[in-house]
Amino acid sequence: MPSVFSEWLDRQSRHLFIMPAVIMILVFSIFPLIASAILALSRVRLRAGGYKVTFVGFANFKKQIFGSEQFHFLGTFGSISLLAWAFTIAVGALLIWWLLRYLRGPVWWLGLIGRLIAAAVLFGIAFMFAATLLSGTQIGTLGVTLFYVFVGCTVQFAIGLGLAVVCAQPIRGRTFFRVVFFLPLMITPIGIGYAFRMLADTTKGPFAPLWQMVGLGDYAWVTSPWAARFFIIVADSWQWIPFIFVVLLAALENVPRDMVEAGHVDGASHSQIFREITWPQIAPVAATVILIRVIEAFKLVDLPNIMTAGGPGIATESMTLHAFFAWRAPDLGQSAAISYLLLFVTVVLCVSFFNLVILKHRSAQG
Amino acid sequence: MKIVTKSVLTALFGAVALTGATAVAQAQKMYEGIEINLLTRPGPVIAGRLEERGKEFEAMTGAKINVASVPFADLFQKLLTDWATGTNSIDVGVFASGWAVELADGDLLADLSDFVANDPDLDLDDIAPYFREFNQKINGKTLLITIDGDFQMLYYRTDVLDELGLKPPKTWDEYLEVAAAAHGKDMNGDGVKDFGSCMFKKRNAQSFYAIMSIAAPFVQTQGTSQGIFFNIETMKPMVNNEAWAAALAFFKESGKYGPPEELNHDIGDTRALVTSGRCALMLDWGDIGPLSIDETTSKIKDLVGASILPGSTKVLDWESGKLVPCDAKRCPHAIDGVNHAPFAAFGGWSGAINAKADPKVIEAAYKFLSYMSQAAQSNYDVTQGWTGYNPYRISQFETIEPWVEAGFSRESAENYLGAIGDSLNSPNMASDMRIPGTQRYQGIILDRELARFLAGEVTAEQALENIEAGWEEITEEFGRDGQLSMYKSSLGITN
């Protein structure tokens, strides 16, 4: 008998070993996803003894995209300017050309579906910006989030890469600067939020005399929509540049020295060496760090909450903050719907980036 | 014999005294081992005094009071979630009385009527009628214990106005005139130009209370039962009209005479400016009076006057939605042609107990709230600015000595208490919203549209249309008939 049990155990061992991990994922990832999907399709009211859940279909999504919350999520749509139409048509044409180019080669049905979804989302986003930003009306929380993601990550990547390149050089005190540049990553975002809120205060902040001296005493960063958004990006960058810096520095230090030295011997300039030798070596790491940073940036919530509470108006409100405010209302259905919309946009953009940039780069390298 | 008798009597009194002391001690420690978890906003305002009084209460009764806090904007959601989901980690909530209606609608609050009826120490008759009958009760049951009385009032710098030869503004138009005249003057002697007006206008804070205070005299003329939010026949919002548009226009205009960062100023930021002597006019709850006498932080001791909120000479015609001039019929409560409607903003911090708490915990929690509210404690607490508590007991208005002992001059104390008394006794006092969903009507929709209007994202007309549409959605969601019934009840309309 024991031998029979042992044999059975042996046969099942692969399932048994993986079971704890599967259970953990089911409990902590899959179940919350399903529960929040149910919430997103419901109107939830808290009452004594629990919840009263009423199924409302896609009403919560409809409200955000077409209904009374459209201005909040997508922005305020008015008359669309000529520039906006031109931009939309140009983006549409570009996406069609991109799809046609794919169709001319070997087509894999899953790749086609993915590209169609990516193209639809990109076109939707382009149209949204055209109908709001380029037409002189307000962008919503989706636009604000994308602004934080793309402008913020671009700035952070550029500065982080620059610092990494400098610190990779044999300069005096580089160990000290490596530690200093890394410090902001250790600080809690709440502390950073309050610190930058104080720094931006032109009337009673620590730099108030300076602002007044340069004639900005009557100017408030946080009351101008774009200034407030930029200031949040400044704070966010201050926190996250160290992350990019550290990862890229490690990548730079792994670039084979003999290749760089060979380039120097052959008379290549610094920029040529960086373009032809260094960048191809660190590109996979750079793409990964961008992907991680983009995913993180989509979830930005603490800085706008603390620095401006989403204001002025809704100018600095990210989608996560939008969902948080709805949850606090408490409007759990709307909150879950916004969260799912965020998940959808994040997944489409990040998967597209991974498949169309990272995988393509790897396959090109062979 | 005399010696024997004296000895016996001494022994007898001693025994009685000892027995009495033991009995008192037993009675006092009757809640030994009980822990009460209380949730409120972060201290020192409100929470700080609860912690201190909690330690006193523990020494007397043995019940341990654990005071936890969350940001103001999270407070309602935390309480509702904890109590509705059956988590029940919180026994007592100290929050805005207006929020209690939604909690009571879900049967989440313990009925305190019997406790109150059998509690002579609370001295119920000493609590001003508005707070006793309106603030503490929902549908005839006492579900809350008031520990703070809240009215927004106008504060003005007496020295600045004297220097300018101006009188305190009686209307919102006069407010702007005075603010314009004072703006840019150095009001605290530091050589820096100061501000004509200070109001907190940050989103997701408490700025929406200010717009209701400003709108109230434009909207309400016929007494408290008229209300300022909804039509009492149809429950349609009464916001998309010229009265609220005038209030919005005033609120934005006042920013011209305020600090540049006013849109990002919470109540704490504004009070810091006020007490440092940088504001000529300000709109706030009763806290400014006691804060002004704190010599460690204030530069405006005995330099601040208080008055009932400014009013309007033009009021809303409820039929047409237009502003029309006040006359004796339209404004029966007007003073010198000015219609005032002092707004009971927030209603006051009040304590409520989780209906699902253990009966012994409910009893101990009630005793603690009663202890907080009793005159022996609260008559002192309301004179201390840092506590955040404002007067709500008749004895607090009638006895001026505690205020003088706290540091007020007699004249300042009389002026301050007079302003609150004028608000409290006004027949046209405007009541805050007290229906299910109040937090969403005010804290989400009104607050967001107000912020968007101030930021220039929408016009006043668009903001009011959005508020109307948003409020209608919430009313439909909760059920129009139920909401109407609750709204009428909150205004004291019983038919």
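All figures in this text were calculated on a predicted structure; none of them were measured in a lab. (Residues numbered from 1 in each chain as written. Chains lettered and ligands numbered in written order. Predicted model: local features only at pLDDT ≥ 70, side-chain atom pairs only at ≥ 80, totals over all residues.)

**Re the overall build of chain B**
And then number 1: Counting its regular elements, chain B contains 20 helices and 13 strands.
And then number 2: By principal-axis analysis of the C-alpha atoms, chain B measures approximately 90 × 55 × 40 Å.
And then number 3: Burial statistics for chain B: of 495 residues in total, 56% are counted as buried.
And then number 4: Taking as baseline every contact in chain B between residues at least 6 positions apart, the subset at least 24 positions apart corresponds to 75%. (Helix = DSSP H or I, 4+ residues; strand = E, 2+ residues; numbered from the N terminus. Buried ≥ 20, exposed ≤ 12 C-beta atoms within 10 Å, placed from the backbone. Contact = placed C-beta atoms within 7 Å.)

**A closer look at the overall build of chain A**
And then number 1: The helix and strand inventory of chain A stands at 15 helices and two strands.
And then number 2: For chain A, the spread of C-alpha atoms along the principal axes amounts to about 80 × 70 × 50 Å.
And then number 3: Counting all 366 residues of chain A, 33% fall into the buried class.
And then number 4: Taking all contacts inside chain A whose residues are at least 6 apart in sequence as the whole, residues at least 24 apart take part in 71%.

**Quick notes on unusual backbone geometry**
And then number 1: Of note, the bond from A:Ala329 into A:Pro330 is cis; its omega dihedral lies within 30 degrees of zero at -5°.
And then number 2: The residue A:Pro330 is located in the loop between helix H14 (319–328) and helix H15 (332–365) in this model.
And then number 3: In this model, B:Gly43 is joined to B:Pro44 through a cis peptide bond whose omega is 0°.
And then number 4: If you trace the backbone, B:Pro44 turns up in the loop between strand E1 (35–40) and helix H2 (47–61).
And then number 5: One non-glycine residue, B:Ile46, adopts positive backbone phi at about 65°.
And then number 6: As for its position among the elements, B:Ile46 is in the loop between E1 and H2.
And then number 7: What makes B:Ile46 buried here is the crowd of 21 C-beta atoms within 10 Å.

**Considering the nonpolar core**
In a soluble, globular protein the nonpolar side chains are often hidden away together inside.
And then number 1: By size, the foremost hydrophobic cluster in this structure holds 228 residues, and its most contacted members are B:Ala215, B:Ala247 and B:Ala365.
And then number 2: If you count residues domain by domain, this core takes at least three from each of domain 1 (77–134) and domain 2 (138–365) of chain A.
And then number 3: The residues touching B:Ala215, leaving out its near neighbours within four places in the chain, are B:Ile228, B:Ala243, B:Trp244 and B:Ala247. (Core = buried A, V, L, I, M, F, W, Y, C linked by C-beta atoms within 7 Å. Domains from an automatic or database assignment.)

**Some thoughts on the sheet that holds strand E6 (residues 145–146) of chain B**
Backbone hydrogen bonds are what pair the strands of a sheet, in a parallel or an antiparallel way.
Residue and element names in this part refer to chain B.
And then number 1: Reading across the sheet, the five strands line up as E2-E1-E3-E13-E6 and stay open at both edges, with mixed pairing between neighbours. Looking along the sheet, the strands with just one partner apiece sit at the ends: strand E2 (64–69) and E6.
And then number 2: Pairing geometry for E1 and strand E3 (residues 92–96), over two bridges, is parallel. Note on E3: the bridge partner recorded for Leu38 is Val92.
And then number 3: Against the sheet, helix H3 (residues 72–84) contacts E1 and E3, and its axis sits at roughly 140° relative to E3. (Pairing = 2+ DSSP bridges. Axes fitted to C-alpha atoms, helices over the stretch in contact; angles between N-to-C directions.)

**Some details on the environment of B:Pro259**
And then number 1: Within the secondary structure layout, B:Pro259 lies in the loop between helix H10 (242–254) and helix H11 (267–275).
And then number 2: Judged by the 25 C-beta atoms lying within 10 Å of it, B:Pro259 is buried.
And then number 3: Distance from B:Pro259 to B:Met153, taken between C-alpha atoms, is 20 Å for residues 106 residues apart in sequence.
And then number 4: Other than its neighbours up to four places away in sequence, B:Pro259 contacts A:Thr203, B:Phe195, B:Cys198, B:His265 and B:Leu273.

**Re the interface of chain A and chain B**
And then number 1: Contacts between the two partners involve 29 residues from chain A, matched on the other side by 33 residues from chain B.
And then number 2: When residues of the side of chain A that touches chain B are assigned to their parent elements, the largest contribution, three residues, is made by strand E1 (residues 42–47) of chain A.

**Here's the deal with the sheet that holds strand E8 (residues 195–198) of chain B**
All names here are of chain B.
And then number 1: The strand order E8-E9-E7-E10 describes an open sheet built from four strands, whose pairing is mixed. Pairing within the sheet leaves two strands with one partner each, and these edge strands are E8 and strand E10 (304–307). Mean inter-strand twist for the sheet, computed between neighbouring axes without regard to direction, equals 15°.
And then number 2: Contacting E8 and strand E9 (279–284), H11 runs over the sheet at an angle of about 145° to E9.

**Quick look at the domain arrangement of chain A**
Residues and elements named next belong to chain A.
And then number 1: What the domain assignment reports for chain A is domain 1 (77–134) and domain 2 (138–365).
And then number 2: Domain 1 and domain 2 are separated by 26 Å when their C-alpha centres are compared.
And then number 3: Of the residues contributing to the side of domain 1 that touches domain 2, the split by class is seven nonpolar, two polar and no charged. (Nonpolar A, V, L, I, M, F, W, Y, C, P; charged D, E, K, R; others polar.)

**A look at the confidence of the model for chain B**
All names here are of chain B.
And then number 1: For chain B, per-residue confidence averages 90 on the pLDDT scale, and residues scoring 70 or more make up 94% of the total.
And then number 2: The lowest-confidence element of chain B is helix H1 (residues 2–28), averaging 42 in pLDDT; the highest-confidence one is helix H8 (residues 172–182), averaging 98.
And then number 3: Between residues 1–26, whose pLDDT stays under 50, and residues either more than four places distant or in other chains, the model counts zero contacts. (pLDDT = per-residue confidence, 0-100.)

**Overview of the packing of H10(B) against helix H19 (residues 460–478) of chain B**
Residues and elements named next belong to chain B.
And then number 1: For the pair H10 and H19, the least separation of the axes is 10 Å and the interaxial angle reads 125°. In terms of orientation, H10 and H19 fall into the oblique class. Both H10 and H19 take part in a crossing whose hand is right-handed. Taken together, the residues of H19 that come into contact with H10 (itself represented by Trp244, Ala245, Leu248 and Ala249) are Ala460, Glu461, Ala463 and Leu464.
And then number 2: Considering only residue class, the contact of H10 with H19 consists of seven nonpolar, no polar and one charged. (Parallel < 35°, antiparallel > 145°, perpendicular 65-115°, else oblique. Left-handed = near helix turned anticlockwise from the far one by under 90°.)

**Describing helix H12 (residues 270–298) of chain A**
And then number 1: Here H12(A) spans only 35 Å end to end across 29 residues, well under the 42 Å set by a 1.5 Å rise per residue.
And then number 2: Restricting attention to buried positions, one finds in H12(A) the residues A:Ile282, A:Ala286, A:Val289, A:Arg293, A:Ala297 and A:Phe298. (Expected span 1.5 Å × (residues − 1).)

**Brief notes about the environment of A:Leu122**
And then number 1: On the secondary structure map, A:Leu122 appears in helix H5 (residues 109–131).
And then number 2: A:Leu122 sits 227 residues away from A:Leu349 along the chain, and the two C-alpha atoms are 8.4 Å apart.

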